[in-house]
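# Coordinate inspection notes
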Amino acid sequence: MYKPAIRHRQERQVNRRKEWKHRMKIEKVKAVYFTGTGTTKQLVCALAGCLQDDFEEIDISLPAARRQPLSFSAADLVIFGLPVYAGRVPNVLLPFLRKIEGDDALAVPVVLYGNRAFDDALIELRDLLEQQGMHTVAAGAFVGQHAFSRSLAKGRPDAEDLAEAERLAQGVREKLDGMACPPDAPLEVDGTPYPYSGYYVPRGRDGEAMDIRKVHPATKDQCIHCGRCIRVCRMGSIDPSDPAKSTGICIKCGACIKACPVGAKYFSDVRYLFHIHDLEQRYARRGENKIFL
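Nothing here was measured: the structure is a model prediction, and the numbers come from that model. Within each chain, residue numbers correspond to sequence positions counted from 1 in written order. Local features in this predicted model are restricted to residues of pLDDT 70 or higher, and side-chain atom pairs are both shown and tallied only at a pLDDT of 80 or more, whereas totals for entire chains, interfaces and linings draw on every residue. Each side-chain value is derived from all of the structure's non-hydrogen atoms; neither hydrogens nor water enter the calculation.

What follows deals with the overall build of the protein chain. Within the protein chain, the regular secondary structure consists of eight helices and nine strands. By the compact-globule yardstick of 19 Å for 293 residues, the protein chain fits well, its C-alpha radius of gyration being 21 Å. Looking at the 293 residues of the protein chain, the share that counts as buried comes to 49%. For the protein chain, contacts bridging at least 24 residues in sequence account for 80% of all contacts bridging at least 6. For the purpose of counting charges, residues Lys and Arg are taken to be positive, whereas Asp and Glu are taken to be negative. His and the chain ends are not included. Where a charge sits is defined by one atom per residue type, namely NZ (Lys), CZ (Arg), CG (Asp) or CD (Glu). Of the charged side chains in the protein chain, 43 are positive and 37 negative, and the gap between their average positions amounts to 2 Å. Helix and strand definitions follow DSSP, with helices as H or I runs of at least four residues and strands as E runs of at least two, each counted in order from the N terminus. Computation of the radius of gyration draws on C-alpha atoms, with the globule rule given as 2.2 Å multiplied by the number of residues to the power 0.38. Each residue's exposure class comes from its accessible area (1.4 Å probe, protein chains only) as a fraction of the maximum for that residue type: buried when under 20%, exposed when over 50%, partly exposed otherwise. Working rule for contacts: check all heavy atoms of both residues, and any pair within 4.5 Å makes them a contact.

Bringing the nonpolar core into the picture now. Here is a general trend for soluble globular proteins: nonpolar side chains tend to be buried in one another's company. Only buried residues count toward a nonpolar core. Its members are Ala, Val, Leu, Ile, Met, Phe, Trp, Tyr and Cys residues joined through side-chain atoms within 4.5 Å. Within the largest apolar cluster, 45 residues are counted, with the highest numbers of intra-cluster contacts made by L70, F72, F80 and L97. Only β3 (76-83), α3 (94-97), β4 (106-113), α4 (121-131), β6 (139-143) and α7 (255-259) provide two or more residues apiece to this core. Counting residues per element, this core draws most heavily on α4, which supplies six residues. Grouped together as the second largest cluster of nonpolar side chains are 25 residues, A31, L51, V108 and V137 included.

Let us look at the layout of surface pockets. Only protein atoms enter the 1 Å grid used here. Points where a 1.4 Å probe fits but cannot escape make up a cavity, open sets with protein on both sides within 12 Å along at least five of seven lines make up a pocket, and a residue lines them when an atom lies within 4 Å of a point. Grid points are joined across faces, edges and corners, and a volume is the space filled by probe spheres set on the points. Each pocket or cavity is described by its volume, and for the largest pocket that value is around 990 Å³. In this structure, the largest pocket is lined by 41 residues; those nearest its centre are V84, Y85, A86, F148 and I251. Those elements that provide at least two residues to the lining of the largest pocket are α2 (39-51), β4 and α8 (270-282). Taken as a whole, the second largest pocket encloses approximately 470 Å³ of empty space. Residue lining of the second largest pocket: 17 residues in total, with A147, F148, S149, R150 and I257 positioned closest to the centre. It is α8 that provides the largest number of residues to the lining of the second largest pocket, a total of three residues.

As for its position among the elements, D120 is in the loop between β4 and α4. Within this document, salt bridges are pairs made up of a side-chain nitrogen of Lys or Arg and a carboxyl oxygen of Asp or Glu, the two lying within 4 Å of each other. In this structure, D120 is buried with no salt-bridge partner, the nearest side chain bearing the opposite charge being R88 at 5.6 Å. The term polar contact refers here to a pair of N or O atoms within 3.5 Å; inside protein, the definition further demands a hydrogen-donor-capable atom paired with an acceptor-capable atom, and it admits residues adjacent in sequence only when both atoms are side-chain atoms. Within the structure, the side chain of D120 is placed 2.7 Å from the backbone nitrogen of S197, a separation counted as a polar contact. The residues contacting D120, other than those within four sequence positions of it, are G87, R88, G191, T192, Y196 and S197.

Let's shift gears to the pairing of β3. Taken across its eight residues, β3 has eight buried, putting it largely inside the fold. Of the two faces of β3, the one holding D76, V78, F80 and L82 and the one holding L77, I79, G81 and P83 are both buried throughout. Each pair of strands is called paired provided DSSP finds at least two bridges between the two strands. Where β3 lies against β4, seven bridges are found, and the strand directions are parallel. What sits directly across from I79, in β4, is V108.

Shown next as structure tokens:
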């Protein structure tokens, strides 16, 4: 019974490889991203553009774009980019990500971190894509300007970062050229395997943990009620009738602050402001990108 079972499994693997060799023609590169102030979009689209001139751009930043699950096919190569939040995938996106229909698409998970560390974000995103039926063939962790700060990793991704993205794209092309079937195992990346490490916790001057999750931006009297902050809120949490009111979660992505034409949006919470100052002081060095092939 043992030998026939082994032979049967081997035959299945051979048939699977033949099927995939026939199907292994990437027809479309798809750039999927969630972005607050544009850095994740910039990197993901640059990477996708190195792989296909007419790639498809899928922006899942706004709530309306997350109402229906994403669906892919075996003919897709998906560049999937997310920002790092407290060293992990943004947990507000998990319900949406767990509804992706991967259908054997090939995937390149990409995370952008704000110069501190990407911790377990990349391995978590890799696992999510694999669990949804995708096959990870390459990955990257890149630095982007921190959403909280005007100076931390300012101007990144820059020319050096984009050159790294091009190097990752070249590695992907070479890997696909020699690939007859999808990988049998997830791509090896840095991070703690599940169960992942806890979320990064900011600390105050006294070393005690600070909880800034419920901090929301304030609004100055100079607000002209143009509605731009309402339209760009990634969580749909700004009251349409009063931009000074928040009705839901704030992930502090900075989109409303960047969009305001008169500078009326700002943060005033002393814990949050100390956290920004602490990050800027401790992580002023140039953070490094890391690619995995």
